[in-house]
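# Coordinate inspection notes
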Amino acid sequence: PRDILELLEADHREVERLLAEFDAVSLAGRVDLFWDLVHALVRHEVAEEIVVYPAIRDLPGGKAIADARVEEEAEAEQKLADMEKLDAESGEFAEQMLTLRSAVLTHAKAEETSAFVLLADSLPTEQRLELGVRYEKAKQAAPTRPHPHAPDSPPGNVLLGPVAALVDKIRDAAAAG
């Protein structure tokens, strides 16, 4: 098992890497890179909403931190859903990507300086390892596409998440085939 903080930080570094690649990728390469980014962000956010934020809400001062971070994630998810409809080679897409990049990086920094610190200071290693196991399982079962109108907190996200994930995997398979 891996510590939840290690897993979350690895996800943040991966998203930063994907966002940085947009500066160098060809116009034609934007589509694949965008979908890689969508899958990484959505799976990360859903797993956080199912595993991490409920744990944070139980800690002193955690509710305000969790609510603020979930609100930021909901805004990013809506932006991703809106960007799905754009031509990845368009100037509008490039502008939206700059806005998304700024929002995602700001969110990641806020998470690292608030939520991660709270977890590190409040939970013993054993609990962080257990959260890591649960997080990895939730991430594997998470949807691969944004669902901005789906619930962000239990029990709604726990009940509807697997259905959305199944639909997404069918859509992904149909798009690939």
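Up top you'll find the structure we're talking about.
I will try to describe carefully the structure that is included in this document. Computed from a prediction, not measured in an experiment: that's the story for all the values here. (Residues numbered from 1 in each chain as written. Predicted model: local features only at pLDDT ≥ 70, side-chain atom pairs only at ≥ 80, totals over all residues. Heavy atoms only, no water.)

Along the protein, the regular secondary structure elements total 6 helices and 0 strands. If you list the helices and strands of the protein from N to C, you get α-α-α-α-α-α. Counting over 177 residues, the protein shows a buried share of 44%. Of all intrachain contacts in the protein linking residues separated by at least 6 positions in sequence, the fraction that spans at least 24 positions is 76%. (Helix = DSSP H or I, 4+ residues; strand = E, 2+ residues; numbered from the N terminus. Buried < 20%, exposed > 50% of the residue type's maximum accessible area, 1.4 Å probe, protein only. Contact = heavy atoms within 4.5 Å.)

The tally for this structure, following the rule as stated, stands at 12 salt bridges. Of the charged contacts, one joins Glu-112 and Arg-13 as a salt bridge, the two residues approaching to 2.6 Å between their closest N and O atoms. Of the two residues, Glu-112 sits in helix H4 (residues 91–122) while Arg-13 sits in helix H1 (residues 4–21), which places them 99 residues apart along the sequence. Under the relative-accessibility criterion, Arg-13 is labelled partly exposed at 37%. Asp-23 is the salt-bridge partner of Arg-101, the closest N and O atoms lying 3.0 Å from each other. Placement of Arg-101 in helix H4 and of Asp-23 in the loop between H1 and helix H2 (30–57) is noted, with a sequence separation of 78 residues between them. What emerges from the salt-bridge pattern is a single network uniting Arg-13, Glu-16 and Glu-112. (Salt bridge = Lys/Arg side-chain N within 4 Å of Asp/Glu carboxyl O.)

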